Amino acid sequence: MSKTNRKPMTAPRLRKIIGNVLIHVLLAVLAFIWVLPIFWVVLTSFRKQPGSYVTTFFPAEYTLNNYVKLFTDTSILNFPQMFWNTFIIGVCCCVISTVFVISVAYCMSRMRFKMRKPFMNIAMILGLFPSFMSMVAVYYILKAIGLAEGSMIRIALIVVFSAGSGAGFYVAKGFFDTIPTSLREAAYLEGASEARTFFTIVLPLSKPIIVYTVISSFLVPWTDFVFAKIILNSGISTDWTVAIGLYNMLNRTLIPTYFSRFCAGGVMVGIPIGILFIIMQKFYVEGITGGSVKG
């Protein structure tokens, strides 16, 4: 049997292989650096030894007691109530913000009216400034209308996170611009109104951007600390969100006891985000692979 002739490795091919190896090594190192703190937080949440400073990376003893006490020991910090507060605020903001963003983006993409371009320019300019620059003015406005105290503070946070969400329409507008105009024109010829065209044709094709908007709209109130700290300043833990609660666990007097619970709380905060992404990922893939016309 004759041996198979192998092509000699040329210099360009060798450089390509070396380049691919270096790129993969670099990506592996960056992934390790990114995952290492998360892995350490998860390990620490199961650590039995109290305190924030230990001499070993891996816990000497493992326990579930940190998670149990996180939800049962509410004498100082009521984490279950804080988790529930944040969840309610996040869900409400997610629904309201998604409706606002998708509606404004569709109007800016497909409709032509006076002041359209100036409005888009103003929204873009406002988006260049960080939102916390207005937090003092927002707080005094909420205080003037009675939303900065008592049981209304949760509604205040929902208003703060949702009211201006429509200004962040640029990403969704860019997606709506890619939808063929011929589809809308065909619907108009069939007698469909603008609303029916939007709900029956545009929205089914817009699952990827809807999923992106839902996830981003949920993450903002779920992880926010600055606005929540300014508005929820009553000092009562049952009014706080998880961001404020986890921050107070690192207080000098509480950190020796609560540091492992702080790590457990960090793990619990990441679980709803992971579940939301897993659920929405299915619709995201369907939106990308699905077509509007069958051939």
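The structure this text deals with has already been given above.
Residues numbered from 1 in each chain as written. Predicted model: local features only at pLDDT ≥ 70, side-chain atom pairs only at ≥ 80, totals over all residues. Heavy atoms only, no water.

Structural notes on the packing of aromatic side chains
- Following the criterion strictly, the structure yields 20 aromatic pairs and no others.
- With 4.7 Å between their ring centres and 20° between their planes, Phe169 and Tyr170 make a pair best called stacked.
- Pairing Phe225 with Tyr247 gives two aromatic rings, centres 5.0 Å apart and planes at 50°, and the pair type is tilted. Linking Phe225 in the loop between α10 (207-223) and α11 (226-231) with Tyr247 in helix α12 (residues 242-249), this pair joins segments that are 22 residues apart in sequence.
- Judged by relative accessible area, which is 29%, Phe225 ranks as partly exposed.
- Following the ring pairs from residue to residue traces out a cluster consisting of Phe71, Phe79, Phe83, Phe218 and Trp222.
- Sitting above the plane of the Tyr258 ring, Arg261 keeps its charged end 4.5 Å from the centroid. (Phe/Tyr/Trp six-rings, centres within 6.5 Å; stacked < 30°, edge-to-face > 60°. Helix = DSSP H or I, 4+ residues; strand = E, 2+ residues; numbered from the N terminus. Buried < 20%, exposed > 50% of the residue type's maximum accessible area, 1.4 Å probe, protein only. Lys NZ or Arg CZ within 6 Å of the ring centre and 35° of its normal.)

Some remarks on the side chain of Thr86
- Within the fold, Thr86 resides in helix α3 (residues 79-110).
- Looking at Thr86, the relative accessible area reads 1%, which means it is buried.
- Among residues more than four places away in sequence, those in contact with Thr86 are Pro221, Trp222, Thr241 and Val242. (Contact = heavy atoms within 4.5 Å.)

Topic: unusual backbone geometry
- One non-glycine residue, Met115, adopts positive backbone phi at about 70°.
- For Met115, a relative accessible area of 57% translates into the label exposed.

Some details on empty space enclosed by the protein
- Counted under the stated rule, the structure contains 1 cavity of 30 Å³ or more.
- In this structure, the largest cavity spans a volume of roughly 40 Å³.
- Lining the largest cavity are Thr86, Ile89, Gly90, Leu157, Phe161, Pro221, Asp224, Ala228 and Thr241.
- Of all the elements, α3 adds the most residues to the lining of the largest cavity, at 3 residues. (1 Å grid on protein atoms, 1.4 Å probe; cavity = no way out; pocket = protein on both sides within 12 Å on 5 of 7 lines; lining within 4 Å. Points joined across faces, edges and corners; volume = space filled by probe spheres on them.)

Considering the layout of surface pockets
- Here the largest pocket defines a volume of roughly 1000 Å³.
- Considering the residues around the largest pocket, the lining is formed by 33 residues, among which Ser131, Phe161, Gly164, Ser165 and Gly168 are closest to the centre.
- Broken down by secondary-structure element, the contributors of at least two residues to the lining of the largest pocket are α3, α4 (116-127), α5 (135-144), α6 (153-163), α7 (170-177) and α10.
- For the lining of the largest pocket, the residue count by class is 22 nonpolar, 10 polar and 1 charged. (Nonpolar A, V, L, I, M, F, W, Y, C, P; charged D, E, K, R; others polar.)

Brief notes about α5
- Buried within α5 are the following residues: Met135, Tyr139 and Leu142. Angularly, the buried residues of α5 cover 65° about the axis, an arc narrow enough to put them on a single face. Of the residues in α5, the exposed ones pointing more than 90 degrees away from the buried face are Val136, Tyr140, Ile141 and Ala144.
- Looking at the buried side of α5, the elements it contacts are α6 and α11. (Arc of directions from axis to C-beta.)

Section: the nonpolar core
- Among the nonpolar cores identified, the biggest contains 40 residues, and Leu77, Phe79, Leu232 and Met249 are the most heavily contacted of them.
- Sequence-distant contacts of Phe79, that is, excluding residues within four places in its chain, are made with Leu70, Phe71, Val242, Leu246, Met249, Gly265 and Met268.
- Of all hydrophobic cores here, the second largest spans 16 residues; its members include Ile102, Ala123, Ile179 and Ile209. (Core = buried A, V, L, I, M, F, W, Y, C linked by side-chain atoms within 4.5 Å.)

Observations regarding the pattern of salt bridges
- In this structure the tally under the stated criterion is 3 salt bridges.
- Note that Glu61 and Lys48 form a salt bridge whose closest N and O atoms lie 3.8 Å from each other. Taken together, the residues span a long stretch of sequence, with Glu61 in the loop between α1 (11-45) and α2 (65-72) and Lys48 in the loop between α1 and α2 at a distance of 13 residues.
- You can call Glu61 partly exposed: its relative accessible area is 47%. (Salt bridge = Lys/Arg side-chain N within 4 Å of Asp/Glu carboxyl O.)

Notes on the packing of α3 against α10
- Running from amino to carboxyl end, α3 crosses α10 at an angle of 140°, the nearest separation of the two axes being 8 Å. Between α3 and α10, the angle falls in the class oblique. Here the hand of the crossing between α3 and α10 comes out right-handed. Along the contact surface, α3 presents Phe83, Thr86, Phe87, Ile89, Gly90, Val91, Cys93, Cys94, Ser97, Thr98, Val101 and Ile102, while α10 presents Ile209, Ile210, Thr213, Val214, Ser217, Phe218, Pro221 and Trp222. (Axes fitted to C-alpha atoms, helices over the stretch in contact; angles between N-to-C directions. Parallel < 35°, antiparallel > 145°, perpendicular 65-115°, else oblique. Left-handed = near helix turned anticlockwise from the far one by under 90°.)

With respect to the side chain of Asp224
- With respect to the secondary-structure elements, Asp224 resides in the loop between α10 and α11.
- One buried charge, Asp224, has no salt-bridge partner; the nearest side chain with opposite charge is Lys229, at 12 Å.
- Apart from residues no more than four positions distant in its own chain, Asp224 is found in contact with Phe161 and Ala243. (Lys, Arg positive; Asp, Glu negative; His and termini not counted.)

Points about α2
- Those residues of α2 that fall on the buried side of the exposure criterion are Asn66, Tyr67 and Leu70. Down the axis of α2, the buried side of the element spans an arc of 100°, and every buried residue falls inside it.

Some remarks on the environment of Ile96
- Locating Ile96 in the fold gives a position in helix α3.
- For Ile96 and Val35, which are 61 residues apart along the polypeptide, the C-alpha to C-alpha distance reads 33 Å.
- Each residue touching Ile96, except ones within four places of it in the same chain, is listed here: Ile158 and Ser162.

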